[in-house]
Amino acid sequence: MTGKKVIITGVPGVGKTSVITESIRRLEEEGVPYQSINFGTFMFEVAQKENIVKDRDEMRKLDKNSQKRLQQLASQAIARIDGNIIIDTHASVKTPVGFLAGLPEWVLKELKPDLIILVETDSDQILKRRLSDTSRIRDIEGYQDIQDHQDFNRAVAASYAMLTGCTVRYIKNPDFLLEKAVEEMVQVLR
Amino acid sequence: MTGKKVIITGVPGVGKTSVITESIRRLEEEGVPYQSINFGTFMFEVAQKENIVKDRDEMRKLDKNSQKRLQQLASQAIARIDGNIIIDTHASVKTPVGFLAGLPEWVLKELKPDLIILVETDSDQILKRRLSDTSRIRDIEGYQDIQDHQDFNRAVAASYAMLTGCTVRYIKNPDFLLEKAVEEMVQVLR
Amino acid sequence: MTGKKVIITGVPGVGKTSVITESIRRLEEEGVPYQSINFGTFMFEVAQKENIVKDRDEMRKLDKNSQKRLQQLASQAIARIDGNIIIDTHASVKTPVGFLAGLPEWVLKELKPDLIILVETDSDQILKRRLSDTSRIRDIEGYQDIQDHQDFNRAVAASYAMLTGCTVRYIKNPDFLLEKAVEEMVQVLR
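Residues numbered from 1 in each chain as written. Chains lettered and ligands numbered in written order. Predicted model: local features only at pLDDT ≥ 70, side-chain atom pairs only at ≥ 80, totals over all residues. Heavy atoms only, no water.

Draft legend 1. Expanded view of the overall build of chain A. Looking only at helices and strands, chain A has eight helices and seven strands in total. For 190 residues, the compact-globule estimate of 2.2 N^0.38 gives 16 Å, and the C-alpha radius of gyration of chain A, at 17 Å, lies within 12% of that figure. Structurally, chain A occupies a C-alpha span of about 45 × 40 × 35 Å along its principal axes. Scored against the burial criterion, the 190 residues of chain A give a buried share of 51%. Excluding contacts between residues fewer than 6 apart, the proportion of contacts in chain A whose partners are at least 24 apart in sequence is 76%. Summed over its atoms, the accessible surface of chain A is roughly 9,100 Å², and 51% of this surface lies on carbon and sulfur atoms. Computed over 27 positive and 28 negative side-chain charges, the inter-centroid distance for chain A is 3 Å. (Helix = DSSP H or I, 4+ residues; strand = E, 2+ residues; numbered from the N terminus. Rg over C-alpha atoms; globule rule 2.2 N^0.38 Å. Buried < 20%, exposed > 50% of the residue type's maximum accessible area, 1.4 Å probe, protein only. Contact = heavy atoms within 4.5 Å. Areas by Shrake-Rupley, 256 points an atom, 1.4 Å probe, with all protein chains shown as cover. Lys, Arg positive; Asp, Glu negative; His and termini not counted. Charge placed at Lys NZ, Arg CZ, Asp CG, Glu CD.)

Draft legend 2. Examining the sheet that holds strand E3 (residues 84–88) of chain B more closely. Strand order in the open sheet formed by seven strands is E4(A)-E5(A)-E7(B)-E6(B)-E1(B)-E3(B)-E2(B), with mixed pairing between adjacent strands. Single-partner strands in this sheet number two, and they are strand E4 (92–95) of chain A together with strand E2 (34–38) of chain B. Neighbour-to-neighbour, the strand axes of this sheet turn through a mean angle of 25 degrees, independent of strand direction. Note: strand E5 (residues 98–101) of chain A against strand E7 (residues 167–172) of chain B, two bridges, orientation antiparallel. (Pairing = 2+ DSSP bridges. Axes fitted to C-alpha atoms, helices over the stretch in contact; angles between N-to-C directions.)

Draft legend 3. Quick look at the packing of helix H1 (residues 16–29) of chain C against helix H8 (residues 178–189) of chain C. Residues and elements named next belong to chain C. Axis separation between H1 and H8 bottoms out at 9 Å; the angle between their running directions is 55 degrees. With respect to their mutual orientation, H1 and H8 come out oblique. In terms of crossing hand, the pair formed by H1 and H8 is right-handed. Together, Ser18, Val19, Glu22, Ser23, Arg26 and Leu27 of H1 and Leu178, Glu179, Ala181, Val182, Glu183, Met185, Val186 and Leu189 of H8 make up the contact between the two elements. (Parallel < 35°, antiparallel > 145°, perpendicular 65-115°, else oblique. Left-handed = near helix turned anticlockwise from the far one by under 90°.)

Draft legend 4. Molecular detail of the interface of chain B and chain C. Listed as interface residues are 21 residues of chain B and, on the opposing side, 19 residues of chain C. Regarding the contact of chain B and chain C, the summed buried area is about 1,500 Å², with carbon and sulfur atoms giving 59% of it. Note that C:Arg154 and B:Asp148 form a salt bridge whose closest N and O atoms lie 3.1 Å from each other. Taken together, chain B and chain C are joined by six residue pairs in polar contact (both at pLDDT 80 or more). Looking at the side of chain B that touches chain C, the elements with two or more residues in it are strand E5 (98–101), helix H5 (105–111) and helix H7 (143–164) of chain B. (Buried area = accessible area lost by both parts, 1.4 Å probe. Salt bridge = Lys/Arg side-chain N within 4 Å of Asp/Glu carboxyl O. Polar contact = N/O pair within 3.5 Å; in protein donor to acceptor, adjacent residues only side chain to side chain.)

Draft legend 5. Region of the structure containing the pattern of salt bridges. Applying the stated criterion across every chain, the model contains 57 salt bridges over all chains. Among the salt bridges present, the one from C:Lys94 reaches C:Glu141, with a minimum N-O distance of 2.6 Å. One end of the pair, C:Lys94, is in strand E4 (residues 92–95); the other, C:Glu141, is in the loop between helix H6 (123–132) and helix H7 (143–164), and 47 residues separate them in sequence. Given a relative accessible area of 36%, C:Lys94 falls into the partly exposed group. Here the residues in one salt-bridge network are A:Glu22, A:Arg25, A:Arg26, A:Glu29 and A:Glu179, joined through shared partners.

Draft legend 6. Seen up close, the confidence of the model for chain A. When pLDDT is averaged along chain A, the result is 95, and 99% of the positions lie at 70 or above. ipTM for the predicted complex: 0.96, alongside a pTM of 0.97. (pLDDT = per-residue confidence, 0-100.)

Draft legend 7. Quick peek at the interface of chain B and chain A. Of the residues lining the interface, 19 residues belong to chain B; the matching set on chain A comes to 21 residues. For the chain B and chain A pair, buried surface summed over both sides reaches about 1,500 Å², with 59% attributable to carbon and sulfur atoms. By the criterion of area lost to chain A, the three top residues of chain B are B:Met162, B:Thr167 and B:Tyr170, representing 36% of everything that side buries. At the boundary of chain B and chain A, one finds three salt bridges.

Draft legend 8. Highlighting the relation of the copies chain B and chain A. You can overlay chain B on chain A at an RMSD of 0.0 Å; the transform is a turn of 120 degrees with a shift of 0.0 Å along its axis. What we have between these two chains is a three-fold relation. (Least-squares fit on C-alpha atoms with pLDDT ≥ 70 in both.)

Draft legend 9. The relation of the copies chain B and chain C, seen in detail. Rotating chain B by 120 degrees about the axis while translating it 0.0 Å along that axis superimposes it on chain C, leaving an RMSD of 0.0 Å. The two copies present different faces, since only 19% of the interface residues in chain B are matched by interface residues at the equivalent positions in chain C.

Draft legend 10. Region of interest: the side chain of A:Lys5. Residues and elements named next belong to chain A. Within the element layout of this structure, lysine 5 appears in strand E1 (residues 5–9). The charged side chain of lysine 5 is buried without a salt bridge, its nearest counter-charge being aspartate 114 at 5.2 Å. Excluding residues within four positions of it along the chain, lysine 5 makes contact with Ile78, Ala79, Ile85, Ile87, Leu111, Lys112, Pro113, Asp114 and Leu115.

Draft legend 11. Representation of the packing of helix H2 (residues 39–49) of chain B against helix H4 (residues 64–79) of chain B. Residues and elements named next belong to chain B. It is at 9 Å that the axes of H2 and H4 come closest, and there the two elements cross at 105 degrees. Looking at the two axes, H2 sits roughly perpendicular to H4. From H2, Phe39, Phe42, Met43, Val46 and Ala47 reach across to H4, where they touch Leu70, Gln71, Leu73, Ala74, Ser75, Ala77 and Ile78. Residue classes in the contact of H2 with H4 are distributed as ten nonpolar, two polar and no charged. (Nonpolar A, V, L, I, M, F, W, Y, C, P; charged D, E, K, R; others polar.)

Draft legend 12. Quick peek at the nonpolar core. Counting residues in each nonpolar core, the largest one holds 120 residues, and the members touching the most others are A:Tyr160, B:Tyr160 and C:Tyr160. Residues within four places of A:Tyr160 in sequence aside, it is in contact with A:Ala91, A:Ala101, A:Gly102, A:Leu103, A:Leu108, A:Ile116, A:Gly165, A:Cys166 and B:Met162. (Core = buried A, V, L, I, M, F, W, Y, C linked by side-chain atoms within 4.5 Å.)

Draft legend 13. Examining the state of the cysteines more closely. As enumerated under the stated definition, the model contains zero disulfides over all chains in all. Here A:Cys166 stays unpaired: no disulfide links it, and the sulfur of B:Cys166, its closest cysteine neighbor, is 20 Å away. In this structure A:Cys166 comes out as buried when scored by relative accessible area, which is 0%. (Disulfide = S-S within 2.5 Å.)

Draft legend 14. Seen up close, the environment of C:Leu111. Residue and element names in this part refer to chain C. Locating leucine 111 in the fold gives a position in helix H5 (residues 105–111). Owing to a relative accessible area of 2%, leucine 111 belongs among the buried residues under this scheme. Beyond its immediate stretch of four places on either side in the chain, leucine 111 contacts Lys5, Ile7, Ser75, Ile78, Ile87 and Leu103.

Draft legend 15. Examining the sheet that holds strand E3 (residues 84–88) of chain A more closely. Overall, mixed pairing links the seven strands, which are arranged E2(A)-E3(A)-E1(A)-E6(A)-E7(A)-E5(C)-E4(C) in an open sheet. The open sheet terminates on both sides in strands that have one partner only, identified here as strand E2 (34–38) of chain A together with E4 of chain C. This sheet shows a mean twist of 25 degrees between the axes of neighbouring strands, independent of strand direction. Both strand E6 (residues 115–120) of chain A and strand E7 (residues 167–172) of chain A contribute to a ladder of six bridges, which runs parallel. If you follow A:Ile117 over to E7(A), its bridge partner there is A:Arg169. Of the strands in this sheet, E2 and E3 of chain A touch helix H2 (residues 39–49) of chain A, which is tilted by about 70 degrees from E2(A).

In structure tokens form, the structure reads like this:
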């Protein structure tokens, strides 16, 4: 298919969505349209269409093999879409029993991304942003937990680069400098 | 096969065996039995059964391809075992010429682990534990060597997660807090 | 093929070439000959021979698939060479849009390296070496950029170890101690 396939990741609280939304708006203005797909939502829609699940709740209860097949189906469907695509997902997910690769081999082999972006910032800033965000209930994580998560994301992204040949880019989104993060992302996606 | 396949790793001196032994004892009490397999020992037994070697000494002299085939045979045999299994091995082995992945692709593809646990602690604590342990002769390693080894383990474990879809969990085993390490492991394995 | 296949990597300014040249000279003296191949140059020669490109300029303009095919052809040709080989390349390349794996899966599967060496030193030393080297025009990078690049190299090298079973060795090349770096490399390559 023509167009770039860009995967954008970042730990909860890093402000990934703000950077994506504003970057897409600017790129649109510049005549470089990107379609944004949330991988989780897209997978759920595929699951409904294929009659694998009826609601979100059933998604969480899928056994490992069904989940794997579903990830593969969703990846194949995304790979068939024409034009520039941003795939909004996680480099890794922190579960109660450890880190899970957001983009395991069977997803990467189908998606064939051109670029994986890690939106990052100082783990202490992320900690404070999470503490101030009273709208969401999150598990309590300390500075070191967030740091470990960001470090794991870098490590796993390196293995994604080895497998797919995609480039891996870190984009910082520090406090008060969203503007700079957006500029950098626009430059990379242009 | 039914049951969980959990790989437990950690650099020499981190106290991996103590954590495993005590965790298995508690899980047994709780009615969640785990069988523990030492990957090296298991591989040696397979090699004897297949008439590939007669003793441990011959194991070390095997050429690269025989070793690879043996790792594969052992992994297939473990994959056929029913029930919950702990595989006691190394995320990476430090050899005189560098780090060797303890779980290369051909092992992972057969084992299909659900979870890889990295038992870790502060590299300085590991250094002191090694210096106090006069029962074993080990190569002298400094703080930075141990830190590099633990860091390599985290990096290589991330690539294991990408290839297999397993979760990766760090469990700390600091001085005086074995009890806490065991509790955490029991919670993850339950 | 017989002989060792050793990949030697390092960020620009780390002094990789000095260490390689002097190590090969000593190994030659000791009767352990190594042939050194620059991966980029070798790939260009293959591209010329196969009539894929006429000059270096065309190399940079190749589309992704042609580049991939070329990398594969070059790797296959290197794999057919007899004797000990040093492959001089990069663990990762820093491009304007991010890090690119120097040794993606399709290269590793053909090359089947025995060993990957990362020549490293303190990022501040690399920074100063680059600033003093007025003979080359390089993009300006700060301490953190160089540190991120060296860290990415370690992470991606771990994934190379997982895929190929090769060992990964860090060799330090600090200021005033080239001699020590060479000694260490000779010991590993002997």
